[in-house]
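Here's the letter readout for the chains.
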Amino acid sequence: MEPGGTRRGADHNVMREVNRSLVLAVVKEGGRISRASIARATTLAKPTVSAIVDELIAEGLVREVGTGTTAVSGGRPPILLEFNASSHLVAGVHIGARRTTVAVGDATGAEVRRVRLDTPRGDPTATLKRIADQVRETAEVDGARLSAVGVVLPGLTDFHRGVCLLAPNLGWRDVAVGATLGDALGIPVYVHNAGQAAAVAENVEGVGDNAGELALLYAGTGLSAGVLSGGRVFHGAGGTAGEIGHCRVPGGTEPCNCGNAGCLETVASGPAMVRAVRRAIAAGRPSLLAGRRDLDASHVAAAARDGDTVAAAAIDEVGQYLGLAASWVVNAYNPAMLVLGGGLAAMGDLLLPPLREAFDASVLGPALRGVELRVSTLGDDAETRGAVLLALQHSETYYRVVFR
Ligand SMILES: [Zn+2]
């Protein structure tokens, strides 16, 4: 075929996909709807709509559900259509350091099943095969077809290659998560880090109010940012966009999990908070936490609520660094909203005042100072819901094109 023909063929296919996803979006959001109403809503020609609807019915994505009332001039009552939510399933898998959650949702993302298990230890390939078995078992719902899996990991991920680059909590480095699960299950697998998944979940189901242009600071044992544009994750060329926790803070010397020293996450995370408390106690300051060995951020939060000044100062310090991090993310990406998520979101009421103070002092100018700063409302559900929503988002051709 001559080059021009190939080009026109490609354009034609793209248009078909765009039209198809427009029709599907209208049916999905519009409740019961007739072919004529779809044509009006999409401004597509009626024969085009009919052809697409026939195709969607054949695939089971759309079904006919009786007739409507005749609106005009006594014509034939129109056949009404609706989106068939049970046409296929998606699975979301959140692999945590200790626990793994497998959730199965229908074609609208509504969860039909959820199972939690201890994260299998040992060889990553064996762990992933065990998880694949669990996905298969959990997705056995009345013979419905599983169409995609979203996987969420606590560490650095390369979305494009489906690889977990580094997850110190799991002891994983360069693990081909997408290929291993994809081979075992025979369907597409999409790999994201926890911050990206939490951002998607908060945007759609949490505090995000579908802002679309949203960034989430994922702060817990580490720090990363999930950045969304148009509701979709910004991945970057190598799939690792948002790893703000490994930007170096001038003067920092604390060794980081990544192999460098002085990274932002060594001063803006749960472990950083604990280190600040230990330093103050070692310097002789009185604290309720003195002598306590198994210290984590939740203990620091509890002590601060009981009036402990050492705990309060540690929270203030980490909050200030998180505010600095927030200003970097907002300066770089200009989101409409910045959400604090991850394990530290549970103490968001204590972190937000110093975070806001440092943010206001550092962010570029009045225009960006107006960005909404909010705390996650989904808690530890964010990663799993994000995994389900990402599987859905990627498995559909989800164009949001509006023709005017
Ligand atoms: Zn680092």
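In the annotation of an unreviewed UniProt entry, the entry for the protein reads Transcriptional regulator, and the organism field reads Virgisporangium aliadipatigenens.

K.L.:
Hey, could you run me through the overall build of the protein in this one?
P.N.:
In terms of helices and strands, the protein carries twelve helices and 16 strands. Taken along its principal axes, the extent of the C-alpha atoms in the protein is 85 × 50 × 50 Å. Counted over contacts in the protein with a minimum sequence separation of 6, partners at least 24 positions apart contribute 59%. As displayed, the protein offers around 18,600 Å² of accessible surface, 52% of which is attributable to carbon and sulfur atoms. When the 38 basic and 41 acidic side-chain charges of the protein are each reduced to a single mean position, those positions are 2 Å apart.

K.L.:
What am I meant to see in the environment of Val 163 here?
P.N.:
Along the polypeptide, Val 163 turns up in strand 9 (residues 163–167). Between the C-alpha atoms of Val 163 and Gly 31, which are 132 residues apart in sequence, the distance is 39 Å. In contact with Val 163, other than residues within four places in its own chain, are Leu 156, Thr 157, Asp 158, Asp 174, Val 175, Ala 176 and Val 177.

K.L.:
Hey, could you run me through the domain arrangement of the protein in this one?
P.N.:
How big an interface is tends to be expressed through the accessible area that disappears when the partners come together. Taken domain by domain, the protein consists of domain 1 (3–83), domain 2 (88–200 + 384–395) and domain 3 (209–377). Spacing between the C-alpha centres of domain 1 and domain 2 amounts to 32 Å.

K.L.:
Sorry if this is basic, but what is going on with the sheet that holds strand 2 (residues 62–67) here?
P.N.:
Within a beta sheet, neighbouring strands are joined by backbone hydrogen bonds and run either parallel or antiparallel to one another. Reading across the sheet, the three strands line up as 1-3-2 and stay open at both edges, with antiparallel pairing between neighbours. With partners counted over all chains shown, the strands left at the sheet margins are strand 1 (33–34) and strand 2, one partner each.

What counts, and where the lines are drawn
Residues numbered from 1 in each chain as written. Predicted model: local features only at pLDDT ≥ 70, side-chain atom pairs only at ≥ 80, totals over all residues. Heavy atoms only, no water. Helix = DSSP H or I, 4+ residues; strand = E, 2+ residues; numbered from the N terminus. Contact = heavy atoms within 4.5 Å. Areas by Shrake-Rupley, 256 points an atom, 1.4 Å probe, with all protein chains shown as cover. Lys, Arg positive; Asp, Glu negative; His and termini not counted. Charge placed at Lys NZ, Arg CZ, Asp CG, Glu CD. Domains from an automatic or database assignment. Pairing = 2+ DSSP bridges.

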